[in-house]
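Topology and contacts: notes
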Amino acid sequence: MPDLIIKNARLFIENAIQPAEIAVDNGNITEIRKIISTPEFNLVIDARGALVLPGAIDVHVHSAIQG
């Protein structure tokens, strides 16, 4: 079972920004789905519609993404 879920996020998937949830286990992304239905997680982060970029590292970004 994942130890962390990020809910209510927006991710850039399949050339579009889409709502999604991310499951993380031991620091590794194990699942990305529109809705992850698992009863319990050790930690739940509500991203509240924020743009989440799993695996992307950029120390300086200018973005014109509107949502």
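Up top is the structure these notes are about.
The following paragraphs examine the structure supplied in this document. None of the values given here were measured: they were computed from a predicted structure. (Residues numbered from 1 in each chain as written. Predicted model: local features only at pLDDT ≥ 70, side-chain atom pairs only at ≥ 80, totals over all residues. Heavy atoms only, no water.)

Some thoughts on the environment of Arg 10
- With respect to the secondary-structure elements, Arg 10 resides in strand S1 (residues 4–13).
- For Arg 10, a relative accessible area of 22% translates into the label partly exposed.
- With 43 residues separating them in the primary sequence, Arg 10 and Leu 53 have C-alpha atoms 8.6 Å apart.
- Only 2.6 Å separates the side chain of Arg 10 from the backbone oxygen of Gly 49, close enough to count as a polar contact. (Helix = DSSP H or I, 4+ residues; strand = E, 2+ residues; numbered from the N terminus. Buried < 20%, exposed > 50% of the residue type's maximum accessible area, 1.4 Å probe, protein only. Polar contact = N/O pair within 3.5 Å; in protein donor to acceptor, adjacent residues only side chain to side chain.)

Remarks on the pattern of salt bridges
- Under the definition given, this model contains three salt bridges.
- Across the salt bridge formed by Arg 33 and Glu 31, the nearest N and O atoms sit 2.3 Å from each other.
- For Asp 46, the salt bridge is made with Arg 48, and the minimal N-O distance between the two is 3.9 Å. (Salt bridge = Lys/Arg side-chain N within 4 Å of Asp/Glu carboxyl O.)

Notes on unusual backbone geometry
- Not every positive phi belongs to a glycine, and Glu 14 is a case in point at roughly 55°.
- Examined against the element boundaries, Glu 14 turns out to sit in the loop between S1 and strand S2 (16–25).

Observations regarding the pairing of strand S3 (residues 28–33)
- In this structure, S2 lies alongside S3, joined through five bridges in antiparallel fashion. In the strand pairing of S3, Glu 21 is matched with Arg 33.
- A loop of two residues connects S2 with S3, the two strands running antiparallel in sequence, and Asn 26 in this loop sits at a positive phi of about 55°. (Pairing = 2+ DSSP bridges.)

That's the geometry; what it means functionally is another story.
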